[in-house]
Amino acid sequence: MGESNGFSRRRFVAASSGLLVASGLSGAAFGRSDEPPRLALQGGPKAVPASPGKLVRWGEPEREQLSAMLAQDSLFYWKGPRTGLLIERFRECCPARHIMTCSSGTAALHMAVAASGIGPGDEVITSPISDIGTVIGIIYQQAVPVFADLVADTYNLDPADVERKITPKTKAILPVHLCGNPCDMESLRALADRRGLIVIEDCAQAWGARYGDRPIGTIGHAACFSLQNSKHITCGDGGIVASSDDRVGPKLQAFGDKGMDRLGKDGLFHAFATNYRMSEPQAAVAAAQLARLEGIASARSRLGNLLTERIRDVPGVVPHGVRAEDRCVYWFYLLRVRPDRLRCDRAEFVKALAAEGAPASAGYIPVPLYGNPVFRQHAFFAGRWPIKELGLTTMDYAQVRCAEAESILATGIRITIHEGMDEAYVAGIADAVRKVAAHFAS
Ligand SMILES: Cc1ncc(COP(=O)(O)O)c(C=O)c1O
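Predicted, not measured: the structure shown is a model, and the values here were computed from it.

(A) Seen up close, the layout of surface pockets. Taken as a whole, the largest pocket holds about 380 Å³ of empty space. Forming the boundary of the largest pocket are 19 residues, of which Trp 78, Ile 87, Ile 99, Met 100 and Gln 253 lie nearest the centre. Counting residues per element, the ones that place at least two in the lining of the largest pocket are helix 3 (81-93), strand 1 (98-102) and helix 8 (252-255). Grouping the amino acids of the lining of the largest pocket by side-chain chemistry returns eight nonpolar, seven polar and four charged.

Given below as structure tokens:
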């Protein structure tokens, strides 16, 4: 198709030759003729010739912590040396007065919601594009996730829509720093302060991110992190919840430990909670992993920003929108295609990109959270939703629409970025995007 389009072909050659000279890849991937290169799909050379090497994520530092842990008398978290080290290292990346380790990011979020006093019928405004772990704790507290729409290129909560969704039942805002891209925290925190709301930051995908010069997780009243296997740092599964707020922080520990306040003197249960404790073996690995975080975060930030630089001017493609003053740590990179500017749909674009050797796939989650059957049928507790039956909410998820979020999921292309890649490899991904976009330019 693009072969017959003289204008877009010239435009592509002009744009890509400048890029190739700048990247030091001139002629290497594309040949030296004036003709635009054929897509790899059509038998042309691949824009991304080599794969990055195998990513080594753990080794000697983790082994050292595990051996030290095995010499201990107890593997329990309370007063555990590995848990202590993990908390000490965590505090360096996210300074907070109260920090509790736990079994997952989902657990961290549930503990933050419970410690914030959120209960039956209360509303929590959050993002429809996230892992379901963002809202599980809200629903278990018999509260109501209310979904607000997102900003078109940052994929994070739009403060104006959050404000529209506030009702007398709203208790909290739960921004998700999607892909490790900081939300507009200044606006969200100012809005929350004006309306007397708690802010719980979902930092599961945002290890090492910064909002301006402030570490992620330090603007809201509580911050929740995941140590699940796919995250920047991991212990297989795990989480950390942190708060410097005097109302929320002191309650976190008990909400992860069966309601047991281990510093309490009377031995009585003053709170009802589940067991979300993290054990010493997990803490040992996580503590070692935290020592790797700065290297991982800075590499991902540099490589993701490089990709943006190199595709910024490509017609039909919208790069991941990140504020210059923030540090996005690209859990993955999400670009969008504009079908109105291209003669292909998203699936064709992804297929062509993947054939070029780019680590690309379509979208992220298949539908916004509210579009899942369990939401549409309000089937949360044995097929029922008690708070709806009791009249504590009129929420009908089958009627919820967040137009921008739906459009993001329909037009987004996910590109893997990780610390095992180098600049040349990411430049190759950018070449692939330019090549495919030029081919399909309308
Ligand atoms: C944004 C977000 N929130 C919450 C979670 C839940 O974390 P976990 O899987 O550790 O329970 C995840 C995990 O994928 C996530 O990406």
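(B) Broad picture of the sheet that holds strand 5 (residues 198-202). What the seven strands build is an open sheet, ordered 1-9-8-5-4-2-3; its pairing is mixed. The sheet is open, and its two borders are formed by strand 1 and strand 3 (144-147), each paired with just one other strand. Mean inter-strand twist for the sheet, computed between neighbouring axes without regard to direction, equals 20°. Direction of pairing for strand 8 (residues 222-226) relative to strand 9 (residues 239-243): antiparallel, over a ladder of four bridges. Paired with Ala 223 across the two strands is Ala 242, which belongs to strand 9. Across the sheet, helix 5 (residues 133-140) is in contact with strand 2 (123-126), strand 3, strand 4 (170-174) and strand 5; its angle to strand 3 comes to roughly 140°.

(C) Broad picture of the pattern of salt bridges. Enumeration over the complete set of coordinates arrives at 23 salt bridges. Its salt-bridge partner being Arg 97, residue Asp 246 comes within 2.9 Å of it at the nearest N-O pair. Of the two residues, Asp 246 sits in the loop between strand 9 and helix 8 while Arg 97 sits in the loop between helix 3 and strand 1, which places them 149 residues apart along the sequence. Owing to a relative accessible area of 59%, Asp 246 belongs among the exposed residues under this scheme. Looking at Arg 97, the relative accessible area reads 49%, which means it is partly exposed. Arg 300 serves as the salt-bridge partner of Glu 419, at 2.8 Å between the closest nitrogen and oxygen. Of this pair, Glu 419 sits in the loop between strand 13 (412-415) and helix 15 (423-440) while Arg 300 sits in helix 10 (residues 293-311), and the two are 119 residues apart along the sequence. On the basis of relative accessibility, which here comes to 22%, the residue Glu 419 falls in the partly exposed class. Under the relative-accessibility criterion, Arg 300 is labelled buried at 7%.

(D) Quick look at the site of the ligand. The environment of the ligand is formed by 14 residues, the closest being Gly 105, Thr 106, Asp 202, Ser 226 and Lys 231. Between the ligand and Gly 105 there is a distance of 2.8 Å, counted from an oxygen atom to a backbone nitrogen or oxygen. Contacts to the ligand include Thr 134, whose side-chain N or O atom sits 3.3 Å from a nitrogen atom. Look at the ligand: alone it shows 390 Å² of surface, and the protein chains cover 91% of it. Per element, the largest residue contribution to the shell around the ligand is three residues, and it comes from helix 4 (residues 105-115).

(E) Main features of the nonpolar core. Formed by 70 residues in total, the largest nonpolar core has its most connected members in Ile 129, Ile 200 and Tyr 397. Element by element, the count of residues in this core is highest for helix 4, at eight residues. When residues of this core are assigned to domains, at least three fall in each of domain 1 (2-52 + 293-359 + 416-440) and domain 2 (60-291). Contacts of Ile 200, omitting those with residues within four sequence positions, involve Leu 109, Ala 112, Val 113, Ser 116, Ile 118, Ile 173, Leu 174, Pro 175, Ala 222 and Cys 224. Core analysis: the next-biggest nonpolar cluster, separate from the first, contains 35 residues, Leu 306, Met 421, Val 433 and Val 436 among them.

(F) Representation of the pairing of strand 3. On strand 3, burial covers both faces: Val 144 and Val 146 on one face and Pro 145 and Phe 147 on the other are all buried. Sheet topology note: the strand 2/strand 3 ladder contains four bridges and is parallel. If you follow Glu 123 over to strand 3, its bridge partner there is Val 144. In this fold, the crossover linking strand 2 to strand 3 by way of helix 5 has right-handed handedness.

(G) Seen up close, the packing of helix 2 (residues 60-70) against helix 9 (residues 280-290). One can describe the packing of helix 2 onto helix 9 by two numbers: an axis separation of 8 Å at closest approach and a directional angle of 145°. Read as a crossing pair, helix 2 and helix 9 show a hand that is right-handed. On the side of helix 2, the interface is formed by Pro 61, Glu 62, Gln 65, Leu 66 and Met 69, while helix 9 contributes Glu 280, Pro 281, Ala 284, Val 285, Ala 288 and Gln 289.

(H) Local environment of the packing of helix 3 against helix 9. Contact geometry for helix 3 and helix 9: axes closest at 8 Å, N-to-C directions at 35°. By crossing handedness, the relation of helix 3 to helix 9 is classed as left-handed. Between helix 3 and helix 9, the contacting residues are Pro 81, Arg 82, Thr 83, Leu 85, Leu 86, Arg 89, Phe 90 and Cys 93 on the first element and Glu 280, Ala 283, Ala 284, Ala 286, Ala 287, Ala 288 and Leu 290 on the second. Within the contact of helix 3 with helix 9, the residues separate by chemical class into eleven nonpolar, one polar and three charged.

(I) View of helix 9. In terms of residue burial, helix 9 counts as a mostly covered element, since nine of its eleven residues are buried. Every buried residue belonging to helix 9 is among Glu 280, Ala 283, Ala 284, Val 285, Ala 286, Ala 287, Ala 288, Gln 289 and Leu 290, and all of these are buried. Where the residues of helix 9 are buried, they touch helix 2, helix 3 and helix 10.

Rules and cut-offs
Residues numbered from 1 in each chain as written. Predicted model: local features only at pLDDT ≥ 70, side-chain atom pairs only at ≥ 80, totals over all residues. Heavy atoms only, no water. 1 Å grid on protein atoms, 1.4 Å probe; cavity = no way out; pocket = protein on both sides within 12 Å on 5 of 7 lines; lining within 4 Å. Points joined across faces, edges and corners; volume = space filled by probe spheres on them. Helix = DSSP H or I, 4+ residues; strand = E, 2+ residues; numbered from the N terminus. Nonpolar A, V, L, I, M, F, W, Y, C, P; charged D, E, K, R; others polar. Pairing = 2+ DSSP bridges. Axes fitted to C-alpha atoms, helices over the stretch in contact; angles between N-to-C directions. Contact = heavy atoms within 4.5 Å. Salt bridge = Lys/Arg side-chain N within 4 Å of Asp/Glu carboxyl O. Buried < 20%, exposed > 50% of the residue type's maximum accessible area, 1.4 Å probe, protein only. Near = heavy atom within 4 Å. Polar contact = N/O pair within 3.5 Å; in protein donor to acceptor, adjacent residues only side chain to side chain. Areas by Shrake-Rupley, 256 points an atom, 1.4 Å probe, with all protein chains shown as cover. Core = buried A, V, L, I, M, F, W, Y, C linked by side-chain atoms within 4.5 Å. Domains from an automatic or database assignment. Right-handed = clockwise from strand over helix to strand, strands pointing away. Left-handed = near helix turned anticlockwise from the far one by under 90°.

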